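Given next are the chains, with one letter for each unit.
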Amino acid sequence: KTSGKGRCEVFQPSHHADHLDRERLQADLYQALERQELVLHYQPIVDLAPRRISGYEALVRWEHPTRGMVPPVQFITLAEDSGLIVPIGRWILREATRQAAAWQQPDGRGPRMSVNVSVRQFQHPDLVDDVTEALRASGLAPDRLTLEITESLFAEDTAGTTQKLEALKALGIRLALDDFGTGYSSLSYLRRFPIDVLKIDKSFVHGIATCSEDRAVIGAIVALGQILDLVLVAEGIETADELAALEQLGVQYGQGYHLGRPGPPQHASPAAERRRSGSPGAALRPAPAP
Ligand code: C2E
Ligand code: MG
Ligand code: MG
């Protein structure tokens, strides 16, 4: 059924094994939160012109007792299907805001924090309260927090979606549209919904150095960003050529392995970045964001 309506598929033992594996993983996930097996890694988001870290994106990982590090693509859908994404997402919000607050400087300046919110978590009635509570408990200034949502949210129930986005904006946080360009294709929602940041999907970034169509798509997104007054972040920058092409097109912020890989907090902290920036070949100058 998962591959669509009206389809027949021959039973294959490997499908059965996949199914069992999924069930086992799902059962383990129930315990992962209380056993504190989930951890957050942080990847720098860089202001390209000064090559300065402006913030971090929190990316969840599951340190499974026997399987080792399980990446989010393997368990976020499971968590969505079971509803576990709500308590997991609540913990992620708490932990990421706590970490961001710890990285702020005494003068109140410091890196921003971006947190991914999946569709089911967004749609849950507790989301606004959960964000409010995470800000209160951490003491993080709301303007330091960005929530990343995806275009799939706009596919249904626009009244409810608009209301919730506006309630979130009223807290003083920023909203980013993740994986921009890969989802639901109507652009009217960019005017309708209070979005502050567009994250250009890595599939366009990978083609930028070699493919004129991908370059044209990013050029069009830059123009759109200027007209609608949106902050642009390019995702998945892996090479110096990609970085140069993006800068030439006028993209202001970037993220990717070339600029910094996701890592545990002790590796990603502003202090660690400052230590590394003294070393040869460092691509970044860490400094508090304005
Ligand atoms: P995303 O939000 O678009 O996150 C960016 C993904 O691209 C991350 O994968 C990151 O490690 C990866 N990445 C960063 N730089 C590069 C690069 O230069 N090249 C390539 N090929 N990849 C790069 P990750 O951590 O495996 O996360 C995958 C997706 O899982 C995320 O995509 C997001 O949709 C979801 N996810 C991750 N953490 C969370 C979370 O805390 N909550 C929710 N709801 N979803 C999450
Ligand atoms: Mg993201
Ligand atoms: Mg993305």
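Residues numbered from 1 in each chain as written. Chains lettered and ligands numbered in written order. Predicted model: local features only at pLDDT ≥ 70, side-chain atom pairs only at ≥ 80, totals over all residues. Heavy atoms only, no water.

**Let's talk about the overall build of the chain**
And step 1. Along the backbone of the chain there are 12 helices and 9 strands.
And step 2. A total of 290 residues make up the chain; the buried ones form 45% of that total.
And step 3. Contacts in the chain between residues at least 24 apart in sequence constitute 67% of all its contacts with a sequence separation of at least 6. (Helix = DSSP H or I, 4+ residues; strand = E, 2+ residues; numbered from the N terminus. Buried < 20%, exposed > 50% of the residue type's maximum accessible area, 1.4 Å probe, protein only. Contact = heavy atoms within 4.5 Å.)

**Quick notes on the pairing of strand β2 (residues 52–64)**
And step 1. Most of β2 sits inside the fold, with 11 of its 13 residues counted as buried.
And step 2. Taken together, the 10 bridges between strand β1 (residues 38–47) and β2 define a ladder with antiparallel strand orientation. Each residue of the ladder has a partner; that of aspartate 47, found in β2, is arginine 52.
And step 3. Where β1 folds back onto β2 in an antiparallel hairpin, the turn is made up of 4 residues, including arginine 51, whose phi is positive at roughly 50 degrees.
And step 4. Both β2 and strand β4 (residues 112–116) contribute to a ladder of 4 bridges, which runs parallel. The residue of β4 that forms the bridge with glutamate 57 is serine 114.
And step 5. For β2 and strand β3 (residues 68–70), the ladder comprises 3 bridges, and the chain directions are antiparallel. (Pairing = 2+ DSSP bridges.)

**A few points about the confidence of the model for the chain**
And step 1. Looking at the chain, the pLDDT average stands at 89 and 89% of residues meet or exceed 70.
And step 2. Model confidence for the complex is summarised by a pTM of 0.91, with the ipTM given as 0.99. (pLDDT = per-residue confidence, 0-100.)

**What about the packing of helix α5 (residues 127–138) against helix α6 (residues 158–170)?**
And step 1. Taken N-terminus to C-terminus, the directions of α5 and α6 make an angle of 10 degrees; their axes are 10 Å apart at the nearest point. It follows that α5 is roughly parallel to α6 by the angle criterion. Contacts between α5 and α6 pair Leu127, Val128 and Val131 from the former with Lys164, Ala167 and Leu168 from the latter.
And step 2. Classifying every residue of the contact of α5 with α6 by side-chain character gives 5 nonpolar, no polar and 1 charged. (Axes fitted to C-alpha atoms, helices over the stretch in contact; angles between N-to-C directions. Parallel < 35°, antiparallel > 145°, perpendicular 65-115°, else oblique. Nonpolar A, V, L, I, M, F, W, Y, C, P; charged D, E, K, R; others polar.)

**Digging into the site of ligand 1**
And step 1. Looking at ligand 1, there are 21 residues lining it, with Arg61, Asn116, Asp178, Glu238 and Tyr257 nearest.
And step 2. Side-chain polar atom of glutamate 57 to an oxygen atom of ligand 1: 3.0 Å apart, as the coordinates give it.
And step 3. Calculation on ligand 1 without its partners gives an accessible area of 800 Å², and the protein chains cover 85% of this total.
And step 4. Put simply, the parts of the chain that give the shell around ligand 1 at least two residues each are β2 and β6 (174–180).
And step 5. Ranked by the residues each element gives to the shell around ligand 1, the list is headed by β2, at 4 residues. (Near = heavy atom within 4 Å. Polar contact = N/O pair within 3.5 Å; in protein donor to acceptor, adjacent residues only side chain to side chain. Areas by Shrake-Rupley, 256 points an atom, 1.4 Å probe, with all protein chains shown as cover.)

**Things to note about the coordination of the magnesium ion (ligand 2)**
And step 1. Bound to the magnesium ion (ligand 2) are the protein donor atoms Glu57 (OE), Asn116 (OD1), Glu148 (OE) and Asp178 (OD), situated 2.0 to 2.2 Å from the metal.
And step 2. Mapping the donors of the magnesium ion (ligand 2) onto the primary sequence yields the spacing E-x58-N-x31-E-x29-D. (Donors = N, O, S within 2.8 Å, 3.2 Å for Na, K, Ca; no water.)

**Notes on the pattern of salt bridges**
And step 1. Summed over all chains, the structure comprises 14 salt bridges.
And step 2. The partner of arginine 35 in a salt bridge is glutamate 37, with the nearest N and O atoms 3.9 Å apart.
And step 3. Among the residues examined, arginine 35 registers a relative accessible area of 49% and is labelled partly exposed.
And step 4. Of the charged contacts, one joins lysine 199 and glutamate 57 as a salt bridge, the two residues approaching to 2.9 Å between their closest N and O atoms. Of this pair, lysine 199 sits in strand β7 (residues 197–200) while glutamate 57 sits in strand β2, and the two are 142 residues apart along the sequence. Like glutamate 57, lysine 199 is buried.
And step 5. Three or more residues are tied together by salt bridges with common partners; here these are Glu57, Glu148 and Lys199. (Salt bridge = Lys/Arg side-chain N within 4 Å of Asp/Glu carboxyl O.)

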